[in-house]
2 protein chains.
Amino acid sequence: MELYGYWRSLAAFRVRIALNLKEIPFEVTSMDLIEGQQFNDDYRKINPQMVVPTLVDNETVLTQSLAILEYIEEAYPSPALLPKDKLGRARVRSISLISVADTHPLVVPRVRKYIVEEMGHTEEELSAWIKNWVTKGLTAIEEILNKDRETGIYCHGDNITMADLCVVPQFGAAKLFEIDTSAFPTISRIFEECMTVPAVFNARPQAQPDFPKEMDK
Amino acid sequence: MELYGYWRSLAAFRVRIALNLKEIPFEVTSMDLIEGQQFNDDYRKINPQMVVPTLVDNETVLTQSLAILEYIEEAYPSPALLPKDKLGRARVRSISLISVADTHPLVVPRVRKYIVEEMGHTEEELSAWIKNWVTKGLTAIEEILNKDRETGIYCHGDNITMADLCVVPQFGAAKLFEIDTSAFPTISRIFEECMTVPAVFNARPQAQPDFPKEMDK
């Protein structure tokens, strides 16, 4: 399989974890979102939305990270990324969507670019925007994880689920954006736990071949 | 079942269509998002994210519209909102997510409020923001629907799927926001087709009990 992604794309990060967990071999084609490689005509043909990730398997072209995760789950059921019971599945999907739908899309490169270039905001005002939405998303997730009995070692019980695949990149990005994460102890605990799992650790942005060397500390 | 929603919430609109199609009886509790009823302590207990919709069925509390649609699909399989084949399901979910994740969250009340109140923008600048993201989302969806052989009477084949449940509200909102929709002939055709289906027509914002009388033309 070929994954069109980018080292710092949270959406590509989610898919990399899933592929690693299911032991599905894949190659990465890096699309530099900052340089605008996603707007190339060739890429637009496979992904008309011109975003990453896209997962290509022979003639099969899959887009939108959460749709890709659901596909991977259906095509490669083991290990499962969704619990068996309907209510558990709904809980996992709901936590996932707080990040995937209501948090991450507000801070992607195209939105940041619009806020600075079209709306004329400073980097400081952009930071306040990012901090506001990431904090709101993580606050809701923390409250759910903290109150629900279903929370275990991971977001849902003691096995990694789709929710962890969404929450871990979101929390990692919060740290990248230097957002105060002290109000999210449950997420922080789950993040650290996930990072001990090689399938997650090896999927992190810093481990990608296109991660810029100058950012290495 | 009890649906916490709001007449103009696109996310609640999606769920109302699903409940109607599956013939699941439900009552609506209106949460006035503009007045901020979603921030009430009682509501926060059932939906820590303080957004609509929430679907409550006895002890069962479901949040996030797409997670609710997947739950309804699993619990009430007929009529199906997802095709049987994995690739078709991935296509339907991907189209859904272009609206649910990458378009709608950018124009919800809390974001519009932040742009006006925190960033100091005019209503005109806010309109440009809304137009930009809604147009980008619909452009991607139109391109996919126009090029794919899988597109039929509806977004995917000749039966209503989850994709229609997401695209119809998004297109309806574009018209509400007075966005030029002439570049979206395929979406427009599917929207009109869907509006001939009572389950969709009766779920539209204008048909809700909390739709403001003064907006009736």
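Residues numbered from 1 in each chain as written. Chains lettered and ligands numbered in written order. Predicted model: local features only at pLDDT ≥ 70, side-chain atom pairs only at ≥ 80, totals over all residues. Heavy atoms only, no water.

## Re the overall build of chain A
As a reminder, the rule being used: Think of it this way: any DSSP run of H or I at least four residues long counts as a helix, any run of E at least two long counts as a strand, and we number them from the N terminus. Radius of gyration: over C-alpha atoms. The globule rule applied is 2.2 Å multiplied by the number of residues raised to the 0.38 power. Here's how the labels work: a residue is buried when its accessible area is under 20% of the maximum for its type, exposed when over 50%, partly exposed in between, all with a 1.4 Å probe on protein chains only. Note on definitions: a residue-residue contact is assigned when non-hydrogen atoms from the two residues lie within 4.5 Å. Values of accessible area rely on a 1.4 Å probe in the Shrake-Rupley scheme; residue burial ignores everything except the protein chains shown.
Looking only at helices and strands, chain A features nine helices and four strands. In sequence order, chain A lays out its α and β elements as β-α-β-α-β-β-α-α-α-α-α-α-α. For 217 residues, the compact-globule formula gives about 17 Å, and the C-alpha radius of gyration of chain A, at 17 Å, lands near that figure. For chain A, the spread of C-alpha atoms along the three principal axes comes to 45 × 45 × 35 Å. Relative to its full complement of 217 residues, chain A shows a buried share of 59%. Of the contacts formed within chain A by residues at least 6 apart in sequence, a portion of 66% connects residues at least 24 apart. On chain A, roughly 9,600 Å² of surface is accessible, and the fraction owed to carbon and sulfur atoms is 48%.

## Section: the sheet that holds strand β3 (residues 54–57) of chain B
Residue and element names in this part refer to chain B. Going by this rule: In this scheme, strands are said to pair when DSSP sees at least two bridges between them. To get an axis, fit a line to the C-alpha atoms, keeping to the stretch in contact for a helix; angles then go from 0 to 180 degrees between the N-to-C directions.
The four strands lie next to each other as β2-β1-β3-β4, forming an open sheet whose pairing is mixed. Only two strands of the sheet have a single partner each, and these edge strands are β2 (27–30) and β4 (60–63). When strand polarity is set aside, the average angle formed by the axes of neighbouring strands in this sheet is 20°. Pairing of strand β1 (residues 2–5) with β3, which is carried by three bridges, proceeds in the antiparallel orientation. Looking at the pairing, Leu3 lines up with Leu55 of β3. Along the sheet, helix α1 (residues 10–21) contacts β1 and β3; its crossing angle with β1, the most-contacted strand, is approximately 155°.

## Details of the relation of the copies chain A and chain B
Worth spelling out the cut-off: Superposing the copies works by least squares over the C-alpha atoms of residues that have pLDDT at least 70 in both of them.
Each copy superposes on the other: chain A lies on chain B with an RMSD of 0.0 Å after a rotation of 180° and an axial shift of 0.0 Å. Both copies of the chain, as the preceding transformation shows, are related through a two-fold rotation axis. For chain A, the minimum C-alpha distance to the rotation axis belongs to A:Ala101 and amounts to 1.9 Å. A high fraction, 100%, of the interface residues of chain A reappear at the interface in chain B, so the copies pair face to face through one surface.

## A short note on the confidence of the model for chain A
Put simply, the rule is: pLDDT is a residue-level measure of predictor confidence that goes from 0 to 100.
For chain A, the mean per-residue pLDDT works out to 96, and 99% of the residues sit at or above 70. Model confidence for the complex: the whole-complex pTM is 0.97, and ipTM, which rates the interface, is 0.97.

## Description of the interface of chain A and chain B
Filter applied, for reference: Accessible area that two parts lose when put together, with a 1.4 Å probe and added across both, is what the buried area reports. Should a side-chain nitrogen of Lys or Arg be within 4 Å of a carboxyl oxygen of Asp or Glu, the pair is scored as a salt bridge. The definition of a polar contact used here is a pair of N or O atoms within 3.5 Å, where within protein one atom must be able to donate a hydrogen and the other to accept one, and adjacent residues in sequence count solely through side-chain atom pairs. Charged residues are taken to be Asp, Glu, Lys and Arg, nonpolar residues to be Ala, Val, Leu, Ile, Met, Phe, Trp, Tyr, Cys and Pro, and polar residues to be all remaining types, Gly included.
Counting residues at the interface gives 41 residues for chain A and 41 residues for chain B. Carbon and sulfur atoms make up 66% of the area that chain A and chain B hide from each other, which totals about 4,000 Å². The interface formed by chain A and chain B contains ten salt bridges. B:Arg110 is paired through a salt bridge with A:Asp102; the nearest N and O atoms lie 3.6 Å apart. Connecting chain A to chain B are 13 residue pairs in polar contact (both at pLDDT 80 or more). Those elements giving two or more residues to the side of chain A that touches chain B turn out to be α2 (41–46), β4 (60–63), α3 (65–75), α4 (86–100), α5 (109–118) and α6 (123–147) of chain A. Counting residues per element, the side of chain A that touches chain B draws most heavily on α4(A), at nine residues. Residues belonging to the side of chain A that touches chain B are distributed by class as follows: 23 nonpolar, seven polar and eleven charged.

## Some thoughts on the packing of α1(B) against helix α3 (residues 65–75) of chain B
Residues and elements named next belong to chain B. Under the convention used in this document: When an angle is under 35 degrees it counts as roughly parallel; over 145 it counts as roughly antiparallel; between 65 and 115 it counts as roughly perpendicular; any other value is oblique.
Packing of α1 against α3 leaves a shortest axis separation of 9 Å and a crossing angle of 10°. By the angle class used here, α1 and α3 are roughly parallel. Together, Ala11, Arg14, Val15, Ala18 and Leu19 of α1 and Ser65, Ile68, Leu69 and Ile72 of α3 make up the contact between the two elements. Grouping the amino acids of the contact of α1 with α3 by side-chain chemistry returns seven nonpolar, one polar and one charged.

## Description of the pairing of β4(A)
Residue and element names in this part refer to chain A. Across four bridges, strand β3 (residues 54–57) lies against β4 in antiparallel orientation. Counted as the bridge partner of Leu55 is Leu62 from β4. Following β3, the chain reverses through two residues before pairing antiparallel with β4; Asn58 in that reversal takes a positive phi of roughly 55°.

## Let's talk about the pairing of strand β2 (residues 27–30) of chain A
All names here are of chain A. Cut-off, in case you're wondering: Note on handedness: a clockwise path from strand one over the helix to strand two, with the strands aimed away from the viewer, defines a right-handed crossover.
Taken together, the four bridges between strand β1 (residues 2–5) and β2 define a ladder with parallel strand orientation. Bridged to Tyr4 within β2 is Thr29. Taken together, β1, helix α1 (residues 10–21) and β2 constitute a β-α-β crossover, and its handedness is right-handed.

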